[in-house]
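# Structure assessment
Spelled out from the first residue to the last, the chains are:
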Amino acid sequence: MTRSSSKELGFLAENIAARRLLGGGYEVIERNYRRPWGEVDIIAKDDGVIVFVEVKANRQRFAGDFEPETRVDQWKLAKIIRTAELYLGDKFETGDVEWRIDIVSVTFDELTKKAKIKHFKNIASNPY
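Residues numbered from 1 in each chain as written. Predicted model: local features only at pLDDT ≥ 70, side-chain atom pairs only at ≥ 80, totals over all residues. Heavy atoms only, no water.

### Comments concerning the overall build of the protein chain
Under the convention used in this document: Runs of E in the DSSP output that reach at least two residues are strands. Runs of H or I that reach at least four are helices, and both are numbered from the N terminus. To sort residues, take the accessible area from a 1.4 Å probe on protein chains only and compare it with the maximum for the residue type: under 20% means buried, over 50% means exposed, and anything in between is partly exposed. Any two residues whose heavy atoms approach within 4.5 Å are treated as being in contact. Methods summary: accessible areas were calculated by the Shrake-Rupley approach with a probe of 1.4 Å, and residue burial reflects only the protein chains presented.
What the protein chain contains, in helices and strands, is two helices and five strands. Reading the helices (α) and strands (β) of the protein chain from amino to carboxyl end gives α-β-β-β-α-β-β. Each of the 128 residues in the protein chain was classed as buried or not, and the buried ones make up 41%. Restricting the contact set of the protein chain to residue pairs at least 6 apart, pairs at least 24 apart contribute 54%. Accessible surface computed for the protein chain: about 7700 Å², of which carbon and sulfur atoms make up 51%.

### Examining the layout of surface pockets
Over the atoms, a rolling probe the size of a water molecule traces out where space has been left empty. Worth spelling out the cut-off: As defined here, a cavity is a set of points on a 1 Å grid over the protein atoms alone where a 1.4 Å probe fits but cannot get out. A pocket is an open set with protein on both sides within 12 Å along at least five of seven lines, and residues line them when an atom is within 4 Å of a point. Grid points are joined across faces, edges and corners, and a volume is the space filled by probe spheres set on the points. Charged residues are taken to be Asp, Glu, Lys and Arg, nonpolar residues to be Ala, Val, Leu, Ile, Met, Phe, Trp, Tyr, Cys and Pro, and polar residues to be all remaining types, Gly included.
In this structure, the largest pocket spans a volume of roughly 640 Å³. What lines the largest pocket is a set of 21 residues, and nearest its centre among them are Ser 6, Lys 7, Gly 10, Phe 11 and Glu 14. Only helix H1 (3-23), strand S1 (27-35), strand S2 (38-46) and strand S3 (49-60) provide two or more residues apiece to the lining of the largest pocket. In terms of residues, the lining of the largest pocket owes the most to one element, H1, which gives eight residues. Considered class by class, the residues forming the lining of the largest pocket number six nonpolar, four polar and eleven charged.

### Describing the pairing of S2
Sheet faces and side chains relate simply in a regular strand, where the side chains alternate between the two faces. Heads up, the rule is: Strands pair, by our definition, only if DSSP identifies at least two bridges between them.
Most of S2 is tucked away: seven of the nine residues are buried. In this structure, S1 lies alongside S2, joined through seven bridges in antiparallel fashion. In the strand pairing of S2, Arg 34 is matched with Glu 39. Once S1 ends, the chain turns through two residues before running back antiparallel as S2.

### Re helix H2 (residues 74-91)
Condition: One less than the residue count of a helix, multiplied by 1.5 Å, gives the span that helix is expected to have. Here the arc refers to the set of directions running from the helix axis out to each C-beta atom.
With 18 residues, H2 should cover 26 Å at 1.5 Å per step; its first-to-last C-alpha distance of 25 Å lies within 8% of that length. Restricting attention to buried positions, one finds in H2 the residues Lys 76, Leu 77, Ile 80, Thr 83, Ala 84, Tyr 87 and Leu 88. The arc enclosing the buried residues of H2, seen along the axis, measures out at 140 degrees, which places them on a common side. Opposite the packed face of H2, turned more than 90 degrees from it, sit the exposed residues Gln 74, Trp 75 and Gly 89.

### As for unusual backbone geometry
With a phi angle near 50 degrees, Asp 47 is a residue other than glycine that sits in the positive phi range. Following the sequence through the fold, Asp 47 ends up in the loop between S2 and S3. Positive phi outside glycine occurs at Asn 122, with the angle close to 60 degrees. Tracing the backbone through its elements, the reader meets Asn 122 in strand S5 (residues 114-125).

### Structural notes on the pattern of salt bridges
Spelled out, the test is: Counted as salt bridges are all cases of a side-chain nitrogen of Lys or Arg within 4 Å of a carboxyl oxygen of Asp or Glu.
If you walk through the whole model with that rule in mind, you get six salt bridges. Taking the shortest distance from any N to any O, the salt bridge between Asp 102 and Arg 100 comes out at 2.8 Å. Here Asp 102 and Arg 100 have matching classes, each one buried. Overlapping salt bridges bring together Asp 46, Arg 100 and Asp 102 as one network.

Next up, the structure:
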């Protein structure tokens, strides 16, 4: 996969994830919130909870290909949490905002030309 096609795949996956969240009653607040050390793909609200969503995607060519969500390891999760905390500090006056981190995994099946979407909720959250 070339770099440009990888970027296009990520963009498509983020659009699919945003539509899925909107269809599930979420309010998408912001997309691609960037800081020098990290990025949050989608920031949304779900029943008053701020949700930081990491979107992972891949193309499935063969049965048994890896699932994209497995690329969110502890190091990546720590970067997302750090970026989320900075977002909250920038946007809210108090630190007692309820938040969580979700992962949306999008696998594009090249044989059927369909996307399989999985939503993993509350991978990490604040203690409030």
